[in-house]
Each structure stands twice: as structure tokens, then as C-alpha cells.
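# Breakdown of the fold
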Amino acid sequence: MGAPPRDLIGYKSMGGLKTDDGKTDPMHPYSIGQDDIMGTCTPRTNAGPVESKRTQLQAFIRHCSAALDVIPGAPDDQLGLQRGTLAAVSALEDESETSVRLLCSPPQAAPEYDCITLGGHTDIGTITMLFM
């Protein structure tokens, strides 16, 4: 498997990443850093469409964070922790490596439905939320 890019934020061209079996990744990923959008780090220079939707992206990140904050409550209760202990690990105000990742997988002339299209990876955040 090829080495991962040094910076996961921003656009990566199709074929720039490899799947576990060594094939090129058939999608265009664009990752938007939560820290950048929420202002917990030095602002990045993003593509125009990202910059023009910064306010909407902030609202989206806040909404997702609020939804995800519900999930750690059950383990807090089960482990006898004070409510909010696990959610505090991923506080929206703290710097993190959390990102909004947009994946564009264009139609393929001969799709391989039984192949992996996103190589093995580790999600950086505490909890991953997928929208399809």
C-alpha cells in the first residue's frame, strides 16, 4: 500500500491513493478540516465553493457534533462516569483532526461491485458519521 498523503485536508486527485490490494482509488476525495472551519486553528486557503459556504459548513459541523454528543452518553452511564465525560474528548471548541470528507466516485464503464474502493484507513475522530 502506498504511503498516505502528509496532509489529509484538501483535494486529492482520483488515483492518488491506493486500496489494500494495490489498485488506485477510483474517487476524488476532498476533506475539509473542522479546525479551519470552526476557527480553532490558523485559517486555510480552501477552494472557492468551500469558502463561500463556510457559514453553512459551521452549522453542519455543529449539527453533526450535537448528534454525535448523544452517543457517548450511554457508555458514560454504563461506566459510572459523569455525564459528558466521553463527549468532552471531542469538544467542538478544542483543536482536533476531525474533518468533513466529501467523496466523489464517478460512474465507471465497467464497475467492479466486489472490489474495495477506499483503502484501509483509521478514522481520526472519536465517532464517525456517514451520510450516503
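Looking at an unreviewed UniProt entry, one finds the protein chain named Isopenicillin N synthase-like Fe(2+) 2OG dioxygenase domain-containing protein and attributed to Aspergillus bertholletiae.

The secondary structure content of the protein chain amounts to four helices and three strands. Counted from the first residue to the last, the protein chain has its helices and strands arranged as β-β-α-α-α-α-β. Evaluated residue by residue, the protein chain yields a buried proportion of 25% over its 132 residues. In the protein chain, once contacts between residues fewer than 6 apart in sequence are set aside, the share between residues at least 24 apart is 54%. A total accessible area of about 9100 Å² is found for the protein chain, and carbon and sulfur atoms account for 58% of it.

Attention now moves to the sheet that holds strand 1 (residues 10-11). Across the sheet, three strands lie side by side as 1-2-3; this open sheet has antiparallel pairing. Each edge of the open sheet is held by one strand with a lone partner, namely strand 1 and strand 3 (99-104). In this structure, strand 1 lies alongside strand 2 (residues 28-33), joined through two bridges in antiparallel fashion. Its bridge partner lying in strand 2, Gly 10 is registered against Ser 31.

Let's shift gears to the pattern of salt bridges. Within this structure, the stated rule accounts for three salt bridges. The partner of Arg 54 in a salt bridge is Glu 51, and the shortest N-O contact between them spans 2.9 Å. Bridged by salt links that share partners, the residues Asp 36, Glu 51 and Arg 54 form one connected network.

Right, let's get into the nonpolar core. In a soluble, globular protein the nonpolar side chains are often hidden away together inside. Among the nonpolar cores identified, the biggest contains nine residues, and these are Tyr 30, Ile 32, Ile 37, Met 38, Val 50, Leu 57, Ile 61, Leu 92 and Val 100. Breaking this core down by element, the ones donating at least two residues are strand 2, helix 1 (34-38) and helix 3 (54-70). Discounting chain neighbours no more than four positions away, the residues touching Leu 57 are Ile 32, Ile 37 and Val 50.

Next up on the list: the side chain of Lys 12. Among the structural elements, Lys 12 can be located in the loop between strand 1 and strand 2. From its side chain, Lys 12 meets the backbone oxygen of Ile 9 in a polar contact 3.2 Å long.

Taken together, the side chains of Phe 60, Met 129 and Phe 131 present a nonpolar region at the surface, about 280 Å² in accessible area. Position of Met 129 relative to the elements: it lies in the segment after strand 3.

Okay, the side chain of Gln 34 next. Take Gln 34: it is sitting in helix 1. When its relative accessible area of 8% is taken as the criterion, Gln 34 is described as buried.

The rules behind the values
Residues numbered from 1 in each chain as written. Predicted model: local features only at pLDDT ≥ 70, side-chain atom pairs only at ≥ 80, totals over all residues. Heavy atoms only, no water. Helix = DSSP H or I, 4+ residues; strand = E, 2+ residues; numbered from the N terminus. Buried < 20%, exposed > 50% of the residue type's maximum accessible area, 1.4 Å probe, protein only. Contact = heavy atoms within 4.5 Å. Areas by Shrake-Rupley, 256 points an atom, 1.4 Å probe, with all protein chains shown as cover. Pairing = 2+ DSSP bridges. Salt bridge = Lys/Arg side-chain N within 4 Å of Asp/Glu carboxyl O. Core = buried A, V, L, I, M, F, W, Y, C linked by side-chain atoms within 4.5 Å. Polar contact = N/O pair within 3.5 Å; in protein donor to acceptor, adjacent residues only side chain to side chain. Patch = residues over 30% accessible without salt bridge, like charges linked within 9 Å, V, L, I, M, F, W, Y side chains within 5 Å.

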